[in-house]
Amino acid sequence: MNLSLEQRLRRETNAEILFDDASRGRYATDASIYQIIPIGVIVPRTANDIAVAINIARELNVPVLARGAGTSQCGQTAGPALVIDNSKYIRAVLDVDVARREATVEPGVVLDHLNTQLKQHGLWFPVDVSTSAQATLGGMAGNNSCGSRSIAYGNMVHNVLGATAWLSDGELVEFGPVSKLTARGAQIATFVRALAERSREEIEARWPKVLRRVGGYNLDIFHNQSERPYTEDGSVNLAHLLIGAEGTLAYTKTLTLKLSELPRWKVLGVVNFPSFQSAMSAPQHIVQLAPSAVELVDRIMIDLSLSNPAFQETIQTALIGTPAAILLVEFSGDDRSVLLARLKDLSTLMADLGYPGSVVSMSDPAAQRELWEVRKAGLNIMMSAKGDGKPVSFIEDCAVPLPNLAEYTASLTEVFAKYGTHGTWYAHASVGTLHVRPILDMRRDGPDGGAAKMRAIAEEASALVRKYKGAYSGEHGDGLCRGEWIRWQFGPTINEAFRAIKNQLDPIGLFNPGKIVDPPKMDDGTLFRFPPVSTARPYRTIDLKPALDWSGWNVQNDPLTGALSPPGTGGDSTGGFAKAVEMCNNNGHCRKFDADTMCPSYRVTRDEQHVTRGRANTLRLALSGQLGADALTSESLYATMDLCVGCKGCRRECPTGVDMARMKIEFLSHYKARRGYTLKDRMLATLPDYASTMSKLPWLLNLRDNVPGVPWLSEKLLGLSARRSLPKWRSDTFWRSYDSTLFSDAEATLRAAAEGRRCAVLFVDTFNGVFESENALAAARVLSAAGYTIHTLAKRSGHYCCGRTWLSVGMIAQARAKARALVDALLPFARAGVAIVGLEPSCLLSLRDEFLVMGLNEDATIVASQALMFEEFVAREITAGKFALRLRPIERPLLVHGHCHQKAFGAVKPIMEVLRLIPGAIPELIGTSCCGMAGSFGYDAEHYDLSMQMAESSLLPAIRKVPAAIVVADGTSCRHQIRDGSARAAMHAARLLEQQLILN
């Protein structure tokens, strides 16, 4: 019986097998402009799964493509092949030899994860690429990655000691020092050595003599041409042949890496330049001071950083006036005094070059780290511009000798202007590799289209590279966009030598065909993610009337000036929804595991389907009809969107601004309109409507958690997990416990505002009003004690609501009605400049987020401008000198968990500032992602386990570690999760302040 590829993989491996259209679509792209649907995807659990898959693929004549994080910028990981994803399971650090400074790893290990393990030994792997939070070592080896500090540590090839890899015939071969090779390894070395000898004259004549050359295969290992020898002793290591080979020669099983000592100290000098060209002329002089890095950030990048809330404050610390460009010059070593002297030398050098007072010195590690994060996000910040014109990767890492850098950049800038565009420059000034991407519209056809301009610019750029004796491919590899330029760079003789190497190691062309050898044309529109009209299958979006306002994304941009057309004029048939989704450039930043929020579900599942990028790709494919009719309302897309917890982490942390939480609301509105709402949907959405009435019978509703069998029944009937407690109903709601001595009526409050007296409106939400009324009362008492006139909204029946519960199930029309009523009630106060103070992050911050895209006109904008979290308001008033309290000291440790939405809106820092008002308080922010409760998410039976895994990833262990600590958490669902998971009672910051009040 002849079994298909999928059937055999399922039968003969223990791997996850993904052959559905949506999964294949998610693996069809990387961070390049290309998209090629793979034959299928396998996520191996063991090395044996990989070996078996290679054998099956060979027998069935199916190409194999190894994949790590999928962040290649040139299309290396896009191809019509069986994609093998190493990143989920094949990620072990197999051995660390501290004495020899070596580590052996599997290819799916993420760089930052490796360096976290190495830190305890005072070691690190120093090829510090900007994508270190998601880049895998296997992918870095495939690209011959470099990083910001290559001037000090070299490229990937300089830091790999050995490898084991499968050849296409299934043999596992050791690649290492040639002197120690045996059997097949020795045979390969002999073959390559002979090729190198035959090509020696061509190698000497045509091989770029710069550190940053990653094009083609490393044929020069037998006759080094790099500025930095591949090995310290001049010996030959066959493993270096695989580095930069883009997975075309063999499939890596393990890598043995050379480690370096972590420098004890680092200092940073930020040099501000009046012109871009002056910044380009300086590196040739700065490198004489032996820096560990010299990185460029140009004016466009500076402005984009200033406009991004996540980076604004940090970039401001580096600027003197309005520089045209800055250089980040780092010195590192073990003697801090020596490094500080180097900073002074840098200032002296700049003065000698005509730029006195141009250096901002940074010796504080935290300040340096934050600024490096801005630089590392450079590409993604650059990609955040709206419109169809995007910075396109194809000449972005040409490398030229430093003395020619200024002239090269000036000439290339003129080329851009010639073709009606411009580029943003950034990155590795220390080694003559500046990343620049001209703005091109790859959807447009004809002589003014992106493909035509890409070809023309590439031709002129290549001439400049040759003129200045540089390398056309200097860091990001060849892939689909630079593969065709290999022959141009090296000539026909060396190009044929590359073909011979490919045929020797992979004679059947199994591994990643079409890369390095026999590549396609870079401007083949059929391979684009957005194929133009002239292709057989041009990119088009479906007709869709969105429920939310996405017109801000429905714009076009001028490629030369960057100016945007008015909202709603971009020609998007989905009203801007598709263009918002298309902002995802697949950079993979959502795959990180740092102390920020994004992406909670990926951190637990490690599935491409359940990461922001995976969801965005699936949405894009559905909105463009590539997943078939009605894909937008399909069960498949629902499964992809289901585990998005609406944390809004991506809203702030995704450098291109992909707001998946809002996109999920839009998706649910269409999905539920077709599929209908469940009883649970309606029960959760309408909670604010019936909460007041039901709170009169708390004893009855609380039976759910107290009577055996009822939790089981609620799970069967409503899908609410029997393992999860529910919020405790109570009769003493805020509105029934109303203390008239704390509040003033509307007229008195507006009068206070008019007279310049301190006042505020306290917005009491459903959760703090019904289930935890003490929080609202505490906030009122604290503000009253500080001398504020306070007003709270009141209705004849029920209470005002933000509509958040309706939004969570996609009932946008109902949410809009609730929001409209709330805006109308708050508008007079907002117009009078009265702050609207909230306690529940998901409710209050809706006023600054969803309210602005729900068709509530300018009224919503006015209200949003006055909406503040309790701590934001208090911190603002402290800064203004208006707020003071007498508080008792605190002696216990203080742990703070920030709600996801507070993180997304930069509202966590004020919590820490306000808690420091308490004498003796030393608040410690827990480095957590989402707590896992996420509104109603953690109550669902089908989500319970995932919810607890999110909590156990960092939050709950941190709380258990300090049993005596007071735990502060503003989110009602966060407090519930902490109580369920640790048996500890967390409190709102307002309550803690109230407890510490000293009243006269």
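Given the structure is predicted, the values throughout are model-derived calculations rather than measurements.

Summed over the entire model, instances satisfying the criterion amount to 66 salt bridges. The partner of Lys521 in a salt bridge is Glu484, and the shortest N-O contact between them spans 3.9 Å. With Lys521 in the loop between α18 (486–505) and α19 (577–581) and Glu484 in the loop between α17 (450–467) and α18, this pair connects stretches of sequence that are 37 residues apart. Taking relative accessible area as the criterion, Lys521 reaches 52% and is therefore assigned exposed. A relative accessible area of 17% means that Glu484 is categorised as buried.

Our focus in this paragraph is a nonpolar patch on the surface. A cluster of nonpolar side chains, Leu697, Trp699, Leu700, Leu703 and Val707, forms an exposed patch at the surface whose accessible area comes to about 440 Å². Here Leu697 is to be found in the loop between α26 (687–694) and α27 (698–701). A relative accessible area of 35% means that Leu697 is categorised as partly exposed.

Below, the discussion takes up the sheet that holds strand β3 (residues 64–67). Strand order in this open sheet of four strands is β1-β2-β4-β3, and the pairing throughout is mixed. On the outer flanks of this sheet lie β1 (16–18) and β3, each paired with one strand and no other. Taken pair by pair, the neighbouring strands of this sheet meet at an average axis angle of 20 degrees, ignoring direction. Summarising the sheet, strand β2 (residues 40–43) and strand β4 (residues 82–85) pair through three bridges and their orientation is parallel. Paired with Ile42 across the bridge in β4 is Ile84. In the packing of helix α1 (residues 5–12) onto the sheet, contacts are made with β1, β2 and β4, and the angle to β1 comes to roughly 170 degrees.

Bringing helix α3 (residues 47–60) into the picture now. In a regular helix each residue adds 1.5 Å, so 14 residues correspond to 20 Å; α3 covers 20 Å between its end C-alpha atoms and thus fits that length. Inspection of α3 places Asp49, Ile50, Ala51, Val52, Ala53, Ile54, Ile56 and Ala57 among the buried residues, and these make up the whole buried set. Considering only its buried residues, α3 is in contact with α1, β2, β3, β4, β8 (160–166) and β10 (251–258). One or two residues past the end of α3 sits Asn61, with phi positive at roughly 60 degrees.

Let's shift gears to the packing of helix α32 (residues 773–785) against helix α37 (residues 870–879). At a minimum axis separation of 12 Å, α32 and α37 run at an interaxial angle of 10 degrees. Between α32 and α37, the angle falls in the class roughly parallel. Residues Ala779, Val782 and Leu783 of α32 touch α37, and the partners they reach there are Phe870, Phe873 and Val874. Of the residues in the contact of α32 with α37, the class split is six nonpolar, no polar and no charged.

Examined against the element boundaries, Ser842 turns out to sit in helix α35 (residues 841–844). Sequence separation of Ser842 and Thr348 is 494 residues, and the distance between their C-alpha atoms is 52 Å. Non-local contacts of Ser842, meaning those with residues more than four positions away in its chain, are made with Arg804, His899 and His901. Separated by 3.1 Å, the side chains of Ser842 and Glu840 make a polar contact.

What counts and what doesn't
- Residues numbered from 1 in each chain as written.
- Predicted model: local features only at pLDDT ≥ 70, side-chain atom pairs only at ≥ 80, totals over all residues.
- Heavy atoms only, no water.
- Salt bridge = Lys/Arg side-chain N within 4 Å of Asp/Glu carboxyl O.
- Helix = DSSP H or I, 4+ residues; strand = E, 2+ residues; numbered from the N terminus.
- Buried < 20%, exposed > 50% of the residue type's maximum accessible area, 1.4 Å probe, protein only.
- Patch = residues over 30% accessible without salt bridge, like charges linked within 9 Å, V, L, I, M, F, W, Y side chains within 5 Å.
- Areas by Shrake-Rupley, 256 points an atom, 1.4 Å probe, with all protein chains shown as cover.
- Pairing = 2+ DSSP bridges.
- Axes fitted to C-alpha atoms, helices over the stretch in contact; angles between N-to-C directions.
- Contact = heavy atoms within 4.5 Å.
- Expected span 1.5 Å × (residues − 1).
- Parallel < 35°, antiparallel > 145°, perpendicular 65-115°, else oblique.
- Nonpolar A, V, L, I, M, F, W, Y, C, P; charged D, E, K, R; others polar.
- Polar contact = N/O pair within 3.5 Å; in protein donor to acceptor, adjacent residues only side chain to side chain.

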